[in-house]
Amino acid sequence: MRAVIQRAKEAKVTVGGEVVGAIGAGFVVLLGITHEDTEDDAAYLAEKIAHLRVFEDENGKMNRSLLDVGGAVLSVSQFTLYGDCRKGRRPNFMAAAKPDHALPLYEAFNAALRERGVHVETGVFGAMMDVSLTNDGPVTLIIDSSEKSGNR
């Protein structure tokens, strides 16, 4: 499971001209899921993201977590995070999980964040979405659950 995390001042996702999710300060999380991912991967990423210390403290140092600042998450499923661009000019998405595997794990990830006290807004799984945000910093990080113990 792979997450691209952007610290945002505000963000929203629109489907068909309708806002379906919006947050103030917090993270936009683009989440990609591959075939081998499990609910353990979802829990690992949720724990990491909830406690990631990238918000400034009173001294201007990145020392506060999403929970410390009361931030929210705008979670957007993003199968293209598993696009393989090594050959040719069109990405290969064979490593991205099919919806029947990915959707339950996307929902498990969002539930795991909520269990940790994070307010979560979402896009619509599988829909064409317009995501807009005001980057804060900008601060952008990538976390891959396969790197937690050196597997995959």
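(A) Representation of unusual backbone geometry in the model. Of note, the amide linkage connecting Gly 137 to Pro 138 takes the cis form, showing an omega dihedral of -5°. The residue Pro 138 is located in strand β8 (residues 130-144) in this model.

(B) Expanded view of the pairing of strand β2 (residues 18-23). Relative to β2, strand β1 (residues 2-15) runs antiparallel, the two sharing five bridges. When the bridges of β2 are listed, Thr 14 appears paired with Val 19. Hairpin connection between β1 and β2: a loop of two residues separates the two successive antiparallel strands, and Gly 16 in this loop has a positive phi of roughly 60°.

(C) Layout of helix α3 (residues 99-115). Over its 17 residues, α3 runs 24 Å from end to end, which matches the ideal 24 Å to within 8%, given 1.5 Å per residue. When α3 is considered as a whole, its buried residues turn out to be Ala 102, Leu 105, Tyr 106, Ala 108, Phe 109, Asn 110, Ala 112 and Leu 113. Packing partners of the buried residues in α3 comprise β3 (26-32), α1 (39-51), β6 (72-77) and β7 (119-122). Downstream of α3 by a residue or two, Gly 117 has a phi angle that is positive, lying close to 95°.

(D) Region of interest: the packing of aromatic side chains. Scanning all chains against the criterion turns up three aromatic pairs. When the ring of Tyr 106 is compared with that of Phe 125, the centres are 5.9 Å apart and the planes differ by 40°; the resulting orientation is tilted. With Tyr 106 in helix α3 and Phe 125 in the loop between β7 and β8, this pair connects stretches of sequence that are 19 residues apart. Take Phe 125: its relative accessible area is 26%, and that puts it in the partly exposed class. Looking at Lys 148, its charged tip hangs above the ring of Tyr 44, at a distance of 5.4 Å from the centre.

Procedures and definitions
- Residues numbered from 1 in each chain as written.
- Predicted model: local features only at pLDDT ≥ 70, side-chain atom pairs only at ≥ 80, totals over all residues.
- Heavy atoms only, no water.
- Helix = DSSP H or I, 4+ residues; strand = E, 2+ residues; numbered from the N terminus.
- Pairing = 2+ DSSP bridges.
- Expected span 1.5 Å × (residues − 1).
- Buried < 20%, exposed > 50% of the residue type's maximum accessible area, 1.4 Å probe, protein only.
- Contact = heavy atoms within 4.5 Å.
- Phe/Tyr/Trp six-rings, centres within 6.5 Å; stacked < 30°, edge-to-face > 60°.
- Lys NZ or Arg CZ within 6 Å of the ring centre and 35° of its normal.

The values are spatial; any link to function lies outside them.
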